[in-house]
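Take a look at the letters that make up each chain.
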Amino acid sequence: MKPNLKFWLVRPLSVLLFLILLLALVTALLVFSNLGTTLVANNVQRFLPGLELEEVEGALVRGVNLKRLQWKNESVVVELQQLKMNNSLDVSIPTTLQVESMQADKLIVKLLDNKNTAATSEPFDLSTIELPLNINAKQVAIKEVEIWQGDKPIRLQNVTLQGYAKGGQIQLEDLQAHIDQLSVPQGEQTLQSRNIDLSA
């Protein structure tokens, strides 16, 4: 082979092959290791203002555990405690996160009082979060859910659901929960111990 041909053809191809292998190694590190999950969690917090994650463990393609997740903006605070998720990642187009099972001890949603929401009785609207992938959740279980609007919470126990997120829309196919006690602000009536089932 001529020296000029070797210089202009073989060396750039070698460098390109090296960069592809390096990119594959970094991707494998991020997806298959605990260190990669920690790096991704730390960087996600930079791109999503108001997001806080504590004690993230596991691998992104097998399952993730975290002690606490909190997201807040000017109208709502959402906190999830003791999350354990078993999942797989379908890398077809579009990428889909397949959640086989997810358990959490507690979900707290606090609707913050501000000038726009205090004077109206309209339903609240959570801000849109654009996700770079679809989510298919087969079995989600939350031991306790608290929804705070004002000083009285709505408490649900043993919440289970199935659903998916696709194209910016969340679709619930099955939702079941147990209400121990629910205070209704207008007449301060109390609904005692009930099961709710919203199946598609």
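Residues numbered from 1 in each chain as written. Predicted model: local features only at pLDDT ≥ 70, side-chain atom pairs only at ≥ 80, totals over all residues. Heavy atoms only, no water.

**Details of the pattern of salt bridges**
What the rule picks out here adds up to eight salt bridges. Across the pair Glu-52 and Arg-68 runs a salt bridge whose closest N-O atoms are separated by 3.7 Å. Taken as a pair, Glu-52 in strand 1 (residues 51–59) and Arg-68 in strand 2 (residues 63–72) lie far apart in primary sequence, 16 residues in all. Given the relative accessible area of 31%, Glu-52 is considered partly exposed. Through salt bridges with shared partners, a single ionic network connects Glu-52, Glu-54, Arg-68 and Glu-79. (Salt bridge = Lys/Arg side-chain N within 4 Å of Asp/Glu carboxyl O. Helix = DSSP H or I, 4+ residues; strand = E, 2+ residues; numbered from the N terminus. Buried < 20%, exposed > 50% of the residue type's maximum accessible area, 1.4 Å probe, protein only.)

**Quick notes on unusual backbone geometry**
Here the phi dihedral of Gln-82 falls at roughly 55°; this positive angle occurs in a residue that is not glycine. With respect to the helices, strands and loops of the structure, Gln-82 is situated in strand 3 (residues 76–90). Backbone geometry at Asn-158 places phi at a positive 50°, although glycine is not the residue there. Its location among the elements puts Asn-158 in strand 6 (residues 152–166).

**Digging into the nonpolar core**
By size, the foremost hydrophobic cluster in this structure holds 29 residues, and its most contacted members are Leu-107, Ile-142 and Val-159. Elements that contribute at least two residues to this core include exactly strand 1, strand 2, strand 3, strand 4 (96–111), strand 5 (134–149), strand 6 and strand 7 (169–184). Sorting elements by how many residues they give to this core places strand 4 first, with seven residues. Setting aside residues up to four positions removed in sequence, Val-159 forms contacts with Val-140, Ala-141, Ile-142, Val-145, Leu-175, Gln-176 and Ala-177. (Core = buried A, V, L, I, M, F, W, Y, C linked by side-chain atoms within 4.5 Å. Contact = heavy atoms within 4.5 Å.)

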